[in-house]
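# Architecture and fold: a report
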Amino acid sequence: MGPFLKNTWYAAAWNHEVSVDSPLARRILNEPLVLFRDTAGKVVALEDRCCHRHLPLSQGKVLGDVLQCGYHGLEFDATGNCVAVPGQTRVPPGSRVRSWPVIEKYQYIWVWMGDADKADESLLPDWHVMDDPDWAVVKGDPPFQIPCHYELFNDNLLDLSHLAYVHTKNIGTVAVPDFPIVTTKTANTVRMIRWILDSPPAPLYAHFGGFTDNIDRWQYAEAMVPSFNTVRVGCLPAGCGAQPGDHPDNFSPKSGGRNAQGFEFYNLNAITPETESSTWYFYAHSRNFAQDDPNMDEEFRHELRAAFQEDVDILAAQQMNMARHAHDPKDWVDINVDGPGLALRKMVVDAISAEH
Ligand code: FES
Ligand SMILES: [Fe+2]
């Protein structure tokens, strides 16, 4: 399933996972990283392998602005340079570990795994709804660690017909695949829009919106290379008049007040390869209704985690079969709903080729 794109940001952790007290170990693109905060609160990402005898530095201690190895006490600064060796004044030449650029934004800790001089904050997805006071955020905490290749999850989030088969207890209904998708592309994004018109609400939609009659519902998925997936979903009472491909902004509640009869929420997904066969999944939900209601927070936390666990189980089972039978995507049979996922896969392949 190929190498990884290096010159891009990946979510490495939630902001609250990285503390000044203890280092956090996390493998990203097969590289062992250790994350910690310095005295200024800035997050540092170093190689999780001491240059002396290779103990993971995550087993050491944060001492102010340095990370001290837990075996023989070598100390490393934010750039990865060893700055102190106990019992001697001389630090041997070449005593250093790798470091990676880090940004803390939208409540995520992002690391740049490629050339440091190419790291560019403007290449992050625009996920300002994570910080917008008009929106209430519930983070998927802890992140899921899924035994699957990360692109299986891109496929999943760009093909929401699966709600009819995987999520009928919560966010899906059997009507979903009956409605066509409209796919559009830019240089590095794929967009999929589906309107599910005049259909009964899924169980959680009925609950969140108090609907008893049919609704019109939209799914608007936008995926950016390599694996930032934004899924905007929402609904209105049936009869809104949307046509296939209409942008939900023309129908959804406008800023300054929600439509009393409808709602929408953003599902933001940062999918980070851990290895070729395992993936970190950082998801969040940002909603513009019942923002100050802690009960609604709890419902989003529990009900949607239960729904996403259903995806995790599917992806793990898929990966297990693919590993067992040495499947190659070239051998797959494709159907219409695969269009957006295949388009993103092609963009990722092209971006990786351009790096080499
Ligand atoms: S292994 Fe890190 S100081 Fe020896
Ligand atoms: Fe799903």
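What follows covers helix α5 (residues 339-355). An ideal rise of 1.5 Å per residue puts 24 Å on 17 residues; α5 measures up with 25 Å between its terminal C-alpha atoms. When α5 is considered as a whole, its buried residues turn out to be Pro340, Gly341, Leu344, Arg345, Met347 and Val348. End-on view of α5: buried residues confined to an arc of 160°, all on one side of the axis. Along α5, the residues that are exposed and aim more than 90 degrees away from the buried face are Ser353 and Ala354.

Before going further, it helps to spend a moment on the sheet that holds strand β5 (residues 61-63). An order of β5-β6-β7-β8 is seen for the four strands of this open sheet, with the pairing classed as antiparallel. Strands with a single pairing partner mark the edges of an open sheet, and in this sheet they are β5 and β8 (82-84). When strand β7 (residues 75-76) meets β8, the two strands line up antiparallel, connected through two bridges. Within β8, the residue paired with Glu75 across the bridge is Ala84.

Looking now at the nonpolar core. Counting residues in each nonpolar core, the largest one holds 94 residues, and the members touching the most others are Ala12, Leu35, Ala45, Ile109, Trp110 and Val111. Looking at this core, you find at least three residues from each of domain 1 (20-102) and domain 2 (128-355). Setting aside residues no more than four positions away along its own chain, Ala12 makes contact with Arg26, Ile28, Leu33, Leu35, Ala45, Ile109, Trp110, Val111 and Thr272.

When pLDDT is averaged across the chain, the result is 94; 97% of the residues are at 70 or more. Contacts for the low-pLDDT stretch residues 254-258, under 50 throughout, to residues beyond four places or in other chains number five contacts.

Frequently, the measure chosen for interface size is the accessible area removed from exposure when the parts meet. By the assigned domains, the chain splits into domain 1 (20-102) and domain 2 (128-355). Spacing between the C-alpha centres of domain 1 and domain 2 amounts to 37 Å. Listed as interface residues are four residues of domain 1 and, on the opposing side, four residues of domain 2. Of the residues belonging to the side of domain 1 that touches domain 2, the class tally is two nonpolar, one polar and one charged.

Let us now look at the sheet that holds strand β4 (residues 43-47). Judged by pairing direction, the sheet is antiparallel, and its four strands sit side by side in the order β2-β3-β4-β9 without closing on themselves. Every other strand in the sheet has two partners, leaving β2 (24-28) and β9 (99-100) as the edge strands with one partner each. Pairing analysis gives five bridges linking β2 to strand β3 (residues 31-37), with the strands arranged antiparallel. Of the residues in β3, the one forming a bridge with Arg26 is Leu33.

Moving on, we come to the packing of helix α1 (residues 150-158) against α5. Between α1 and α5, whose axes approach to 8 Å, the crossing angle comes to 140°. Regarding the angle of α1 to α5, the classification is oblique. Seen along the crossing, α1 lies across α5 with a hand that is right-handed. Between α1 and α5, the contacting residues are Glu151, Asn154, Asp155 and Leu158 on the first element and Pro340, Gly341, Leu344 and Arg345 on the second. Across the contact of α1 with α5, the residue classes break down as three nonpolar, two polar and three charged.

On to the pairing of strand β16 (residues 215-224), then. Of all 10 residues in β16, 10 are buried, a share of seventy percent or more. Neither face of β16 is left uncovered, since the one carrying Ile215, Arg217, Gln219, Ala221 and Ala223 and the one carrying Asp216, Trp218, Tyr220, Glu222 and Met224 both have all their residues buried. Pairing between β16 and strand β17 (residues 228-237): 10 bridges, direction antiparallel. Bridged to Glu222 within β17 is Thr230. Between the antiparallel neighbours β16 and β17 lie three residues.

To continue, consider α1. Of all the nine residues making up α1, nine are buried; the element is thus mostly covered by neighbouring parts of the structure. Listed in full, the buried residues belonging to α1 are Tyr150, Glu151, Leu152, Phe153, Asn154, Asp155, Asn156, Leu157 and Leu158.

So, about the environment of Val166. With respect to the helices and strands, the residue Val166 is situated in helix α2 (residues 163-166). Its 17 C-beta neighbours within 10 Å are what place Val166 among the partly exposed residues. Val166 sits 12 residues away from Asn154 along the chain, and the two C-alpha atoms are 16 Å apart. Each residue touching Val166, except ones within four places of it in the same chain, is listed here: Gly172, Glu310, Asp311 and Ile314.

It is generally the case that most residues other than glycine have a negative phi and that most peptide bonds are trans. With an omega dihedral of -5°, the bond running from Asp141 to Pro142 counts as a cis peptide bond. Cis rather than trans, the peptide bond between Val225 and Pro226 has omega equal to -5°. Topologically, Pro226 is positioned in the loop between β16 and β17. Phi angles above zero are rare outside glycine, and Leu29 is one such case at about 50°. Locating Leu29 in the fold gives a position in the loop between β2 and β3. The phi torsion at Asn30 lies on the positive side, around 75°, for a residue other than glycine. Looking at the element boundaries, Asn30 is found in the loop between β2 and β3. A residue is classified by how many C-beta atoms lie within 10 Å of it, and Asn30, with 13 of them, is partly exposed.

Rules of the game
Residues numbered from 1 in each chain as written. Chains lettered and ligands numbered in written order. Predicted model: local features only at pLDDT ≥ 70, side-chain atom pairs only at ≥ 80, totals over all residues. Helix = DSSP H or I, 4+ residues; strand = E, 2+ residues; numbered from the N terminus. Expected span 1.5 Å × (residues − 1). Buried ≥ 20, exposed ≤ 12 C-beta atoms within 10 Å, placed from the backbone. Arc of directions from axis to C-beta. Pairing = 2+ DSSP bridges. Core = buried A, V, L, I, M, F, W, Y, C linked by C-beta atoms within 7 Å. Domains from an automatic or database assignment. Contact = placed C-beta atoms within 7 Å. pLDDT = per-residue confidence, 0-100. Nonpolar A, V, L, I, M, F, W, Y, C, P; charged D, E, K, R; others polar. Axes fitted to C-alpha atoms, helices over the stretch in contact; angles between N-to-C directions. Parallel < 35°, antiparallel > 145°, perpendicular 65-115°, else oblique. Left-handed = near helix turned anticlockwise from the far one by under 90°.

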